[in-house]
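Residues per chain are reported as follows:
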Amino acid sequence: MRTLAACFEKHVTKIIITFKKDIGMKKHNFSAGPSILSEYTIKNTAAAVENFAGTGLSILEVSHRGKEFVAVNDEARALIKELLDVPAGYEVVFMGGGASMQFCMVPYNLLNKKASYLDTGTWASKAIKEAKLFGEVDVVASSKDANYTYIPKNYKVAEDSDYFHFTSNNTIYGTEMRYDPDMKVRLVADMSSDIFSRPIDISKYDVIYAGAQKNLAPAGVTLAIVRVDALEHVDRPIPTMLKYKTHVDKDSMFNTPPVLPIYSALQTLKWYKEQGGVAVMEKKDKENAAILYDEIDRNKLFKGTVAVEDRSIMNVCFIMNDEYKDLEDEFSKFASAAGMVGIKGHRSVGGFRASLYNAMPKSSVEALIACMKEFERTH
Ligand SMILES: *Cc1c(COP(=O)(O)O)cnc(C)c1O
């Protein structure tokens, strides 16, 4: 039986925890994904969980076919078109299954005989593995031999390939292709971790896909921008849900979409627009990355892990210099005590990774830099 005292103690503990959270130290969220979202996104999402669009109901409990949510879905898709300057002939659809499901949807919908892939890391190789289930896969180049620390260049893509697939930003390794390659064949890109961080020449692509949890929304929704006339070139039957055309034809409402993540995505998109769009994001992201890379290059304790010309502005990977290797744990603890969250590197790289997605304020990057300087001063 619970005594009154125990009840009281539990209650007080709860108040103290809430209080600590409220006055708690500022956290700087460098997580790789799910990751930082704008305050605007979080606040508006929280408000809609309480009362959605004046319905007096939570967004968690309303019909996706109701006019309020249909408006959200349509506005989010329209804003993606606006922000990325998506030309006519393309559609934007939201799906479940993560970017990982796109690894099979792309070949399912586009691969007749042969496709070409660039192997720049874990996500690229997972995409390659799925494509092999559907036909011949030509891996045009790979940087696996150097633990994916660079982007291969001067590769050749066979002109009889159904498409060429690349990963624009390698979230785990911190390399990035910040350009839209010129190809004679259809072009497909996994832009999960750098979409909305620059203007894109959409007209060069047939499919662009991105899981939402890096630069857009909480996990649970994946967006694809598809060239509609590229979707009906394969002969095989495609299961309904895995067919892009199904989602395109139903205005991305074939079945119940991930309602809450789409609502959050809309908030982020509105915030992007209010900030001035993706070119403004790019400028800010580049500045954030530049000051952090400058510190990594200057600070005697640290070094970057990837080829300088291929450095990602989204995921900054760095390790301790050889002579300071044994300080790694200590720096980790020092940084987390200063409020840094999520800077541990992926297990396949080690060291540290600071993800600087669009919602990252410069003040947080400066806080991390201050931490690195202070650690250097005391060691
Ligand atoms: C995170 C990530 C994925 C995997 O996304 P899921 O939504 O977990 O399937 C794929 N590609 C890239 C580039 C990523 O960053």
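Residues numbered from 1 in each chain as written. Predicted model: local features only at pLDDT ≥ 70, side-chain atom pairs only at ≥ 80, totals over all residues. Heavy atoms only, no water.

Some points on the UniProt feature "binding site: L-glutamate" (unreviewed entry) in the protein
Stage number 1. UniProt records the feature "binding site: L-glutamate" (unreviewed entry) for Arg 65 in the present numbering.
Stage number 2. Looking at the secondary structure, you find Arg 65 in the loop between helix 2 (39–50) and helix 3 (67–83).
Stage number 3. Here Arg 65 falls in the partly exposed class, since its relative accessible area comes to 48%.
Stage number 4. When residues no more than four places from it in sequence are discounted, the contact partners of Arg 65 are Val 70, Met 253, Phe 254 and Asn 255. (UniProt positions renumbered as here; feature names shortened; annotations may be inferred. Helix = DSSP H or I, 4+ residues; strand = E, 2+ residues; numbered from the N terminus. Buried < 20%, exposed > 50% of the residue type's maximum accessible area, 1.4 Å probe, protein only. Contact = heavy atoms within 4.5 Å.)

A closer look at the layout of surface pockets
Stage number 1. What the largest pocket holds in volume is close to 450 Å³.
Stage number 2. Considering the residues around the largest pocket, the lining is formed by 17 residues, among which Lys 26, Lys 27, Ile 36, Leu 37 and Glu 39 are closest to the centre.
Stage number 3. Per element, the largest residue contribution to the lining of the largest pocket is three residues, and it comes from helix 2.
Stage number 4. Class assignment of the residues belonging to the lining of the largest pocket gives a composition of eight nonpolar, five polar and four charged.
Stage number 5. Split by domain, the lining of the largest pocket shows at least three residues from each of two domains, domain 1 (12–30 + 277–378) and domain 2 (42–275).
Stage number 6. Roughly 320 Å³ of internal volume is contained in the second largest pocket.
Stage number 7. If you go around the second largest pocket, you meet 24 residues; those closest to its centre are Gly 33, Trp 123, Thr 171, Gln 213 and Lys 214.
Stage number 8. Of the residues in the lining of the second largest pocket, the class split is seven nonpolar, 14 polar and three charged. (1 Å grid on protein atoms, 1.4 Å probe; cavity = no way out; pocket = protein on both sides within 12 Å on 5 of 7 lines; lining within 4 Å. Points joined across faces, edges and corners; volume = space filled by probe spheres on them. Nonpolar A, V, L, I, M, F, W, Y, C, P; charged D, E, K, R; others polar. Domains from an automatic or database assignment.)

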